[in-house]
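# Examination of the molecular architecture
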Amino acid sequence: MAFMLGACGQGAGAPTASESAAAEAPPEIPVMGPAVPVLALGDSLFAGYGLEPGQSYPARLEAALRARGINAQITNAGVSGDTTAGGLQRLDFALSGMKEPPALAIISLGGNDMLRALPPEQTRQNLDAILTTLTERKVKVVLLGMLSPPNLGADYRGAFDPIYPALAKKHGATLVPFFLQPLIGRPDLLQADNIHPTLPGIDKLVEATVDDVAKAVPKPKG
């Protein structure tokens, strides 16, 4: 599982889209009903590292939600190489940059904390602060979990792995236990760096999470 952790980090040189990522993005699907503003706060898994415009996870997730009749409008606040500390630092900026407050936030942070072997307690504190801010603003949250690889040791894993389920329970967030699960054992879904997902890999991530996200979208009032 260690090879997957770099999906949140920086690669060497300029990112290059693989042949599998070169397919055109699906056409925008017209949807009736009230718009659902969504904030996607994350790292390179959201930023679309190595992919063409419109092929990032938030972009493909938006298309999948709209195909279900949900008028999602996702603001992609993904930054390659970001840690939970970086996500916390720019959370207010990301929120203030939206045309209207989000009804839902999707959080994918923590992989770079592991890559740098940062203390799990720091990761917990940062994610807790992010979820606290969103909860106080009455923004529902989908938390995309990460798992520590064996090479970081049992002690690190024992401290890191419980972070996401514990915080999801504390803040009433929807939890995806391990965001990268669909890519494990599937090198055909990775770019040439064997780190970042190709477009088919992104679509597998969307396929595995769209149900959870759709259920988390607040129902229109009235």
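Our subject is the structure that appears above.
Definitions and cut-offs
- Residues numbered from 1 in each chain as written.
- Predicted model: local features only at pLDDT ≥ 70, side-chain atom pairs only at ≥ 80, totals over all residues.
- Heavy atoms only, no water.
- Helix = DSSP H or I, 4+ residues; strand = E, 2+ residues; numbered from the N terminus.
- Buried < 20%, exposed > 50% of the residue type's maximum accessible area, 1.4 Å probe, protein only.
- Contact = heavy atoms within 4.5 Å.
- Areas by Shrake-Rupley, 256 points an atom, 1.4 Å probe, with all protein chains shown as cover.
- Polar contact = N/O pair within 3.5 Å; in protein donor to acceptor, adjacent residues only side chain to side chain.
- Axes fitted to C-alpha atoms, helices over the stretch in contact; angles between N-to-C directions.
- Parallel < 35°, antiparallel > 145°, perpendicular 65-115°, else oblique.
- Left-handed = near helix turned anticlockwise from the far one by under 90°.
- Nonpolar A, V, L, I, M, F, W, Y, C, P; charged D, E, K, R; others polar.
- Salt bridge = Lys/Arg side-chain N within 4 Å of Asp/Glu carboxyl O.
- Pairing = 2+ DSSP bridges.
- Core = buried A, V, L, I, M, F, W, Y, C linked by side-chain atoms within 4.5 Å.

What follows is about the overall build of the protein chain. Looking only at helices and strands, the protein chain has ten helices and five strands in total. Taken over 222 residues, the protein chain has a buried fraction of 50%. Taking the contacts inside the protein chain whose residues are at least 6 apart along the sequence as the reference set, 82% of them involve residues at least 24 apart. Carbon and sulfur atoms make up 56% of the accessible area of the protein chain, which totals about 10300 Å².

With that settled, consider the side chain of Thr84. Along the chain, Thr84 falls in helix α4 (residues 84–89). We classify Thr84 as buried; its relative accessible area is 0%. Side chain to side chain, Thr84 and Asn126 meet in a polar contact 3.0 Å long. Not counting residues within four places of it along the chain, the set of residues in contact with Thr84 comprises Leu109, Gly110, Asp113, Gln122, Thr123, Asn126, Leu127 and Ile130.

All right, on to the packing of helix α3 (residues 57–67) against helix α10 (residues 199–216) then. Contact geometry of α3 with α10 gives a least axis separation of 9 Å together with a crossing angle of 50°. As the angle between them shows, α3 and α10 are arranged oblique. In the packing of α3 onto α10, the handedness of the crossing is right-handed. Here Tyr57, Arg60, Leu61, Ala64 and Leu65 of α3 come into contact with α10, specifically with Leu199, Ile202, Asp203, Leu205, Val206, Thr209, Val210, Val213 and Ala214. Within the contact of α3 with α10, the residues separate by chemical class into eleven nonpolar, one polar and two charged.

So, on to the pattern of salt bridges. Inspection of the entire model under this criterion finds eight salt bridges. Note that Asp82 is salt-bridged to Arg90, the shortest N-O span being 2.5 Å. Residues Asp82 and Arg90 agree in their burial class; the two are buried. In this structure, the salt-bridge partner of Arg157 is Asp161, at a minimum N-O distance of 3.2 Å. The buried category is assigned to Asp161, whose relative accessible area is 18%.

Attention now moves to unusual backbone geometry. Positive phi outside glycine occurs at Ala117, with the angle close to 55°. Here Ala117 lies in the loop between α6 (111–115) and α7 (120–136). The partly exposed category is assigned to Ala117, whose relative accessible area is 46%. Positive phi values are uncommon outside glycine, yet Lys138 reaches one of about 60°.

Take the pairing of strand β3 (residues 104–108) next. Along any regular strand, the residues point their side chains to alternate faces of the sheet. Summarising burial for β3: five of the five residues are buried, a large majority. With burial as the criterion, each face of β3 is covered, one bearing Leu104, Ile106 and Ser108 and the other bearing Ala105 and Ile107. Taken together, the five bridges between strand β1 (residues 36–42) and β3 define a ladder with parallel strand orientation. What sits directly across from Gly42, in β3, is Ser108. Strand direction decides the pairing type here: β3 and strand β4 (residues 140–144), joined by four bridges, are parallel. Residue Ile107 lies in a different strand from β4, and its bridge partner there is Leu143.

Take the nonpolar core next. If you look at the biggest cluster of nonpolar residues, it comprises 57 residues, and the most contacted ones within it are Tyr57, Leu61, Leu65, Ile106, Ile107, Ile130 and Leu134. Sequence-distant contacts of Leu65, defined by excluding residues within four places in its chain, comprise Ile70, Ala72, Ile74, Val210, Val213 and Ala214.

Interaxial distance between α7 and helix α9 (residues 163–171) falls to 10 Å at its minimum, and their mutual angle equals 25°. Judged by the inter-axis angle, α7 sits roughly parallel to α9. The crossing of α7 and α9 is right-handed. Taken together, the residues of α9 that come into contact with α7 (itself represented by Pro120, Thr123, Arg124, Leu127, Asp128, Leu131, Thr132 and Thr135) are Ile163, Tyr164, Ala166, Leu167, Lys170 and His171. Here the residues of the contact of α7 with α9 are counted per class, giving seven nonpolar, four polar and three charged.

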